[in-house]
Amino acid sequence: MSARYKVGDTVRVRQAFPPGHCRTPYYCRGKSGVVVRCCGEYRNPEYLAYGTYDGPEEPLYRVQFMQTDMWDDYSGAPHDKVEIEIYEHWLVPETS
Amino acid sequence: MSSDHHHDHGMYDSDPLHHHPPQPDLEDTPLTHHQIMQIAVGELLIEKNIISADELRAQIEFQDSITPARGAELVARAWSDDGFKGRLIADSKAAGDEIGMDVGPVPILVMENTPTVHNLIVCTLCSCYPRFLLGIPPDWYKSRSYRRRAISEPRKVLSEFGTDLNDSVEIKVHDSTADMRYMVLPMRPAGTDGMSEAELAGLVTRDCMIGVTVPEGPSKA
């Protein structure tokens, strides 16, 4: 599986709430950020959690977000950031 | 206290032969579901000859033996050698190999503090931690309070750890959500010129490498 995104791409985390185990924190869903690192490919934890150890590997990215975009009442400095590891199937291209 | 157990245990207890241990023995607390599962899986792996009891014991012993001194050694080396610092940030596994240190099977990304950026590590979903370099995580790192607040109000959390950063410094929080682990490379403190790597390593604490504090230079005593 080849990586769909590259460093510098603007992406949005899907606003989705599937049942079961996943590694995408609630607080970043629906938020827009920038890819800062392509981490390689890893097995999808949403399958691993249920015992499927031979599923396909999937690209994993580090995505950087502005803290003020994450929290309505963020009290820190406007340039503060958070970086999160997110699997490719959770990301869509930011169109706007 | 149960109704059949209502006597006094104070220092004036009249019966010197009746006493309780100062804290419960391990077996006095019921096993949790996950403890039972852990024991069962361990026993099955041994019964089926997948690993031996000694291999299991040795791995637990190894995990328990890791201390933040391993991370501190890498930091001190990076402070002493710019080339090594660059390689450590680019690929911590290869950099570890250079000095004969196995940084473990999970990629560890080294995040460098600078005069303008301060890094902080958290795992909001559970308790992911660079165990191969820092050992067992402190209890507070695993608490819901730290996991919730480090991400949403990092400056307040840092302040509670005694770390007050100017608003001009950008705070970058790294949430270890998946297959990477993180370690902070703190800035070398002032007043450390001429110190050996071993002396420098002594300044680097676990908390500095999580990012909740910054290292201090040698005391001027």
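(A) Quick peek at unusual backbone geometry. All names here are of chain B. Phi at Asn49 is positive, roughly 60 degrees, even though this residue is not glycine. Summarising the element assignment, Asn49 is placed in the loop between helix 1 (33-47) and helix 2 (53-65). The exposure class of Asn49 is exposed, given its relative accessible area of 69%.

(B) Summary view of the domain arrangement of chain B. The domain architecture assigned to chain B consists of domain 1 (27-64) and domain 2 (66-210). Put simply, the middle of domain 1 of chain B and the middle of domain 2 of chain B, counted by C-alpha atoms, are 30 Å apart.

(C) Structural detail: the pattern of salt bridges. All names here are of chain B. A complete count under the given rule lists 18 salt bridges over all chains for this structure. Among the ionic pairs, Glu160 bridges to Arg149, the shortest N-O distance being 2.8 Å. Here Glu160 is found in helix 9 (residues 154-160), whereas its partner Arg149 is found in helix 8 (residues 144-152), with 11 residues between them in sequence. Residues joined by salt bridges that share partners form a network here, namely Arg149, Glu153, Lys156 and Glu160.

(D) Inspection of the sheet that holds strand 1 (residues 10-13) of chain A at higher detail. Pairing is mixed in the open sheet, where 7 strands are placed in the order 5(A)-1(A)-2(A)-3(A)-4(A)-3(B)-2(B). The sheet is open, and its two edges are formed by strand 5 (91-93) of chain A together with strand 2 (117-122) of chain B, each paired on a single side. On average, each strand axis in the sheet is tilted by 35 degrees relative to the strand beside it, whichever way the strands run. One ladder, built from 6 bridges, connects strand 2 of chain B with strand 3 (residues 170-175) of chain B; its direction is parallel. Residue pairing for strand 3 of chain B: Val117 of chain B is matched across the bridge by Glu170 of chain B. Seen against the sheet, helix 8 of chain B touches strand 4 (81-87) of chain A together with strand 2 and strand 3 of chain B and runs at an angle of roughly 150 degrees to strand 2 of chain B.

(E) Local environment of the pairing of strand 3 of chain B. Counting buried positions along strand 3 of chain B gives 6 out of 6 residues, so the element sits mostly inside the fold. Side chains Glu170, Lys172 and His174 of chain B project from strand 3 of chain B onto one buried face, and the interleaved Ile171, Val173 and Asp175 of chain B project onto a second face that is buried too. Both strand 4 of chain A and strand 3 of chain B contribute to a ladder of 4 bridges, which runs parallel. Within strand 3 of chain B, the residue paired with Lys81 of chain A across the bridge is Lys172 of chain B.

Rules and cut-offs
Residues numbered from 1 in each chain as written. Chains lettered and ligands numbered in written order. Predicted model: local features only at pLDDT ≥ 70, side-chain atom pairs only at ≥ 80, totals over all residues. Heavy atoms only, no water. Helix = DSSP H or I, 4+ residues; strand = E, 2+ residues; numbered from the N terminus. Buried < 20%, exposed > 50% of the residue type's maximum accessible area, 1.4 Å probe, protein only. Domains from an automatic or database assignment. Salt bridge = Lys/Arg side-chain N within 4 Å of Asp/Glu carboxyl O. Pairing = 2+ DSSP bridges. Axes fitted to C-alpha atoms, helices over the stretch in contact; angles between N-to-C directions. Contact = heavy atoms within 4.5 Å.

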